[in-house]
Amino acid sequence: MNSPLTGKPGEACGVFGAYVPGTHIANLIYFGLFALQHRGQESAGIAVSDGHRLTAYKNMGLLSTVFDQNTLAGLQGDLGIGHTRYSTTGSSTWENAQPAFRAVGHRNLALGHNGNLTNTSALAMRLGSAGGTTDSELMTSAIAEQITKDENISLAEAIAAVLTEFEGAYTLVVMDDSTVVGVRDPHGFRPLSLGRIGDDGWVIASETAALDLVGATFERDVEPGEMVVISAAGLASSFPQESAPSRLCVFEYVYFARPDSNLAGQNVQAARVLMGRRLAREAPADADVVVPVPESGIPAAQGFAWESGIPYEDGLIKNRYVGRTFIQPEQMLRDQGIRLKLNPIKDVLDGQRIVLIDDSVVRGTTTAQLIELVRSAGAREVHLRISSPPYRWPCFYGMDTSDRDSLLAAHRTEAEIAEFLEVDSLGYLTLDGLESSLPSANQTFCTACLSGDYPTPVGDSKFVLEQP
Ligand code: SF4
């Protein structure tokens, strides 16, 4: 499923966890999740504990519709976790909203997950029908099983005991009545950052922008394979699994993460500008004006304009409030297609040769409408430049692009794509160009959807991975 009205793949969730002694932590988690809303808009949830009793609340919709002052006031305690969800496994239902919750004897357990497991069927078979319908539910059940076996086991020990059963991508925040735990899978597909707040408070979040928003000071990234445990005893770190090569998702830099976040020490906005600069050198265009597809194409368009010397102009204006609407547009409005989201400025585009910059093309349907829109505003030529390589392979690690045949570039050459999109020219950033825009020190990336080079077996997936 495409992200509504963007044509981009959907991100698989934002996670947040915090322990700040003596505070009403639900408010802080709410604001932390606010900064992670872009990672999932289907549902939101918060679980908190006062050290004795764990309370959770979750519902469908945006954070601002799920929580109000009353629901937040009812969530008492100074440690907790939060989650914003975009469903990539399991359907979009209240049951599948997170945090997932289990009562195990006299203890309670809540879990929030970003990523996708690649061995979900095997795990489901082992745990049986009570295990749940999503990979996140299954992980919760596996941890609960350890606590059922040994009620004196610590949460960290229970998690460490089952991690080898999980294959694929998982960044987790897990809590019981007295502890918050953050975990990244050994490849570290999805990011997780650690921050400090006050003298003895700790915060973990999918992105550093969430640390900024709650006034936490960035401490460091949680490492791939690392487990951090936050409790009244402070912070403890361990590496329960064998290390593996780091494979941070390259698409976090291309599209998913917020531009004001830093990943592996590099600011995302700066990386996108570098991608645009490199794109201008690799795929120059003879044109009058550089126009971004807002908003994610803006930094790359700035980079392209600065490098090429072609002036930058905002030629498409985003309707910021067409996000996730609960009212389906009438057919007449649906026919307006992309116009619900973007409106062209005729004065900028009319009679001009445009370099149109977008960060990625996944299925191509929205891009085709976009080209039409730019032409309808009078553009004389449209030269499409994409600040990432062709998206040719499905992602099994947390993006909703599992159907290879739906990917525009899966079985087409660049010339065929240009013809399909009816552009005057087309240029993609190379994989080398993309990687040279990212931090190089001790960091390697997952590029599977762009290269077909999967860092792990894709296990349960039913897809035949033939070459394009
Ligand atoms: Fe990211 Fe692509 Fe790898 Fe998925 S396959 S984790 S989208 S780089």
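Residues numbered from 1 in each chain as written. Predicted model: local features only at pLDDT ≥ 70, side-chain atom pairs only at ≥ 80, totals over all residues. Heavy atoms only, no water.

J.: Honestly, the site of the ligand in this entry has me stumped. Any pointers?
T.: In the vicinity of the ligand, the contacting residues are R190, C249, V250, F251, C395, Y397, M399, C446, A448 and C449. The residue makeup of the shell around the ligand, split by class, is nine nonpolar, no polar and one charged. (Near = heavy atom within 4 Å. Nonpolar A, V, L, I, M, F, W, Y, C, P; charged D, E, K, R; others polar.)

J.: In this structure, what is going on with helix 4 (residues 120-127)? I would like to understand it.
T.: Note: α-helices contain 3.6 residues per turn, so residues at a spacing of three or four share the same orientation. The complete set of buried residues in helix 4 reads T120, L123 and L127. All buried residues of helix 4 fall inside an arc of 65° around its axis, so they share one side. Contact partners of the buried residues in helix 4: helix 5 (135-149). Backbone geometry just after helix 4 places G128 at a positive phi near 80°. (Buried < 20%, exposed > 50% of the residue type's maximum accessible area, 1.4 Å probe, protein only. Helix = DSSP H or I, 4+ residues; strand = E, 2+ residues; numbered from the N terminus. Arc of directions from axis to C-beta. Contact = heavy atoms within 4.5 Å.)

J.: Just checking my understanding: could you explain the sheet that holds strand 9 (residues 193-197) for this structure?
T.: Pairing between the strands of a sheet comes from backbone hydrogen bonds, and it takes one of two forms, parallel or antiparallel. Pairing in this open sheet of seven strands is antiparallel, and the strands run 3-2-4-1-10-9-11 from one edge to the other. Each edge of the sheet is formed by a strand with only one pairing partner; in this case those strands are strand 3 (54-60) and strand 11 (217-221). Between one strand axis and the next, the sheet turns through 15° on average, direction left out of account. Relative to strand 4 (residues 79-85), strand 1 (residues 14-19) runs antiparallel, the two being bridged by six bridges. Its bridge partner being in strand 4, Y19 is matched across the sheet by L79. (Pairing = 2+ DSSP bridges. Axes fitted to C-alpha atoms, helices over the stretch in contact; angles between N-to-C directions.)

J.: For this particular structure, what's the right way to read the sheet that holds strand 21 (residues 381-386)?
T.: A sheet is described by the order of its strands in space; here four strands give the open sequence 17-20-21-22, paired in parallel fashion. For this open sheet the edge positions go to strand 17 (289-292) and strand 22 (425-428), each flanked by a neighbour on one side alone. Shown here is a sheet whose adjacent strand axes are inclined to one another by a mean of 25°, direction ignored. Looking at chain direction, strand 20 (residues 353-358) and strand 21 are connected through six bridges and run parallel.

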